[in-house]
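# Results of the structural survey
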Amino acid sequence: MDGTEGTEHLTVERVGATLVLTLNRPEAKNALSLPMLVGLHDGWIAADEDDAIRSIVLTGAGGTFCAGMDLKALAGDGMAAGERYRDRLRADPDLHWKAMLRHHRPRKPVIAAVEGHCVAGGTEILQGTDIRVAGESATFGLYEVRRGLFPIGGSTVRLPRQIPRTHALEMLLTGRPYPAREAERIGLIGHVVPDGEALPRALETAERINACGPLAVEAVKASVYETAELTEADGLKAELARGWPLFDTADAKEGARAFAEKRPPVYRRA
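Conventions we followed
- Residues numbered from 1 in each chain as written.
- Predicted model: local features only at pLDDT ≥ 70, side-chain atom pairs only at ≥ 80, totals over all residues.
- Heavy atoms only, no water.
- Pairing = 2+ DSSP bridges.
- Helix = DSSP H or I, 4+ residues; strand = E, 2+ residues; numbered from the N terminus.
- Buried < 20%, exposed > 50% of the residue type's maximum accessible area, 1.4 Å probe, protein only.
- Core = buried A, V, L, I, M, F, W, Y, C linked by side-chain atoms within 4.5 Å.
- Contact = heavy atoms within 4.5 Å.
- Polar contact = N/O pair within 3.5 Å; in protein donor to acceptor, adjacent residues only side chain to side chain.
- Patch = residues over 30% accessible without salt bridge, like charges linked within 9 Å, V, L, I, M, F, W, Y side chains within 5 Å.
- Areas by Shrake-Rupley, 256 points an atom, 1.4 Å probe, with all protein chains shown as cover.
- Salt bridge = Lys/Arg side-chain N within 4 Å of Asp/Glu carboxyl O.
- Arc of directions from axis to C-beta.

With respect to topology, three strands assemble into an open sheet ordered β6-β8-β9, the strand pairing being mixed. With partners counted over all chains shown, the strands left at the sheet margins are β6 (117–119) and β9 (178–179), one partner each. Two strands pair when backbone bridges link them, and β6 and strand β8 (residues 139–141) are joined in this way by three bridges, in the parallel orientation. In the sheet register, histidine 117 faces β8, and the bridge partner there is threonine 139.

Set out below in structure tokens:
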């Protein structure tokens, strides 16, 4: 996936070993449309299948991340989506959940670069990402209850596992907005940077990941999620089963040689 690709509502671009997915409906605050969801789904799958991609950055165009689901568009009223997008959804009724990272976890690390609004479905997708950076004017929140709706993208399950339960319940039950600094304080995001700097910081983090052994990075990410709900004893067993084989790889030997020779390692996923 060299160059720039995607759908009319999503831009897909390679930046070195990083795949950058940009939600691209700035006139609608990047509300989720069917073309956007199809593009997201295909982007996650492409990253999984391309060994040259070592990390993924998810961001939004026009100074905003995502204002949630475009219900009117998904219902088909006035949607600027061709029949091919509808065919994709009919062929895979689970596609939208995979796109929103509810039913799919990419094996490569996913870094969110957030500017502006990241609310409702935007905050739900955010919970499927691994590392999160936000501009200082960014706003977060799950607004569904204010509209008599349910945050069915996974938030009632994931949010209490990612931030303290009292904060999760307040966010879920009040539907109020959270400024970036508060979102950082409660642990929803990891870094707050000056406005306009979220994407550069995310790409910087991606480059640090890309310089590491790809087999090791993917195994570490998998272990964190696989062991999250296990007892400590079972988690340690699973960690050993996942991590010990890495020590016999050519990449592990290359890492040790590069350290001894004081040079950058050249990893080959072997």
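Take unusual backbone geometry next. Excluding glycine, residues mostly have negative phi values, and the peptide bonds linking residues are mostly trans. Within the chain, alanine 120 stands out as a residue other than glycine whose phi angle is a positive 50 degrees. Along the chain, alanine 120 turns up in the loop between β6 and α5 (121–126). The phi angle at lysine 262 is positive, at roughly 55 degrees, despite the residue not being glycine. Taking relative accessible area as the criterion, lysine 262 reaches 79% and is therefore assigned exposed.

Let us look at the nonpolar core. Counting 42 residues, the largest nonpolar core has Leu21, Leu40, Val114, Phe140 and Leu188 as the members making the most contacts within it. Broken down by element, the residue count for this core peaks at five residues, all from helix α1 (residues 34–49). If we skip the residues at most four places from it in the chain, leucine 188 touches Leu126, Arg132, Phe140, Leu159, Ile163, Met171 and Ala183. Among the nonpolar cores identified, the runner-up in size contains eleven residues, and Val20, Val57, Ala198 and Val217 belong to it.

Time to look at the environment of aspartate 130. Checked against the element boundaries, aspartate 130 lands in the loop between α5 and β7 (131–135). Classification of aspartate 130 as partly exposed rests on a relative accessible area of 26%. Not counting residues up to four positions away in its chain, the partners in contact with aspartate 130 are Lys108, Pro109, Val110, Lys221 and Tyr225. Of the polar contacts made by the side chain of aspartate 130, one reaches the backbone nitrogen of valine 110; its length is 2.8 Å. Side-chain polar atoms of aspartate 130 contact the side chain of tyrosine 225, separated by 2.5 Å.

It is worth spelling out a nonpolar patch on the surface at this point. A surface patch of nonpolar side chains, amounting to about 410 Å² of accessible area, comprises Leu240, Trp244 and Phe247. In this structure, phenylalanine 247 sits in the loop between α11 (232–243) and α12 (250–261).

Structurally, histidine 41 is set in helix α1. Among the residues examined, histidine 41 registers a relative accessible area of 11% and is labelled buried. For histidine 41, the side chain forms a polar contact with the side chain of aspartate 42, separated by 3.0 Å. Residues contacting histidine 41, with those up to four places away along its chain left out, are Arg88, Asp92, Leu95, Lys98 and Ala99.

The next point concerns the pairing of strand β3 (residues 18–23). Among the six residues in β3, six count as buried, and that is most of the element. Side chains Thr18, Val20 and Thr22 project from β3 onto one buried face, and the interleaved Leu19, Leu21 and Leu23 project onto a second face that is buried too. Two elements, strand β2 (residues 10–15) and β3, share six bridges in a ladder whose sense is antiparallel. When the sheet's bridge partners are listed, threonine 11 is paired in β3 with threonine 22. Two successive antiparallel strands, β2 and β3, enclose a turn made up of two residues, where glycine 16 displays a positive phi of approximately 65 degrees.

Bringing helix α7 (residues 165–174) into the picture now. Buried residues of α7: Ala168, Met171 and Leu172, and no others. Each buried residue of α7 sits inside an arc of 95 degrees when the element is viewed along its axis, so together they form one side. Opposite its buried face, α7 presents the exposed residues Thr166 and Leu173, each directed more than 90 degrees away. Buried residues belonging to α7 abut α6 (155–162) and β9. Note on α7: the residue one or two positions beyond its end, glycine 175, has a positive phi of about 65 degrees.

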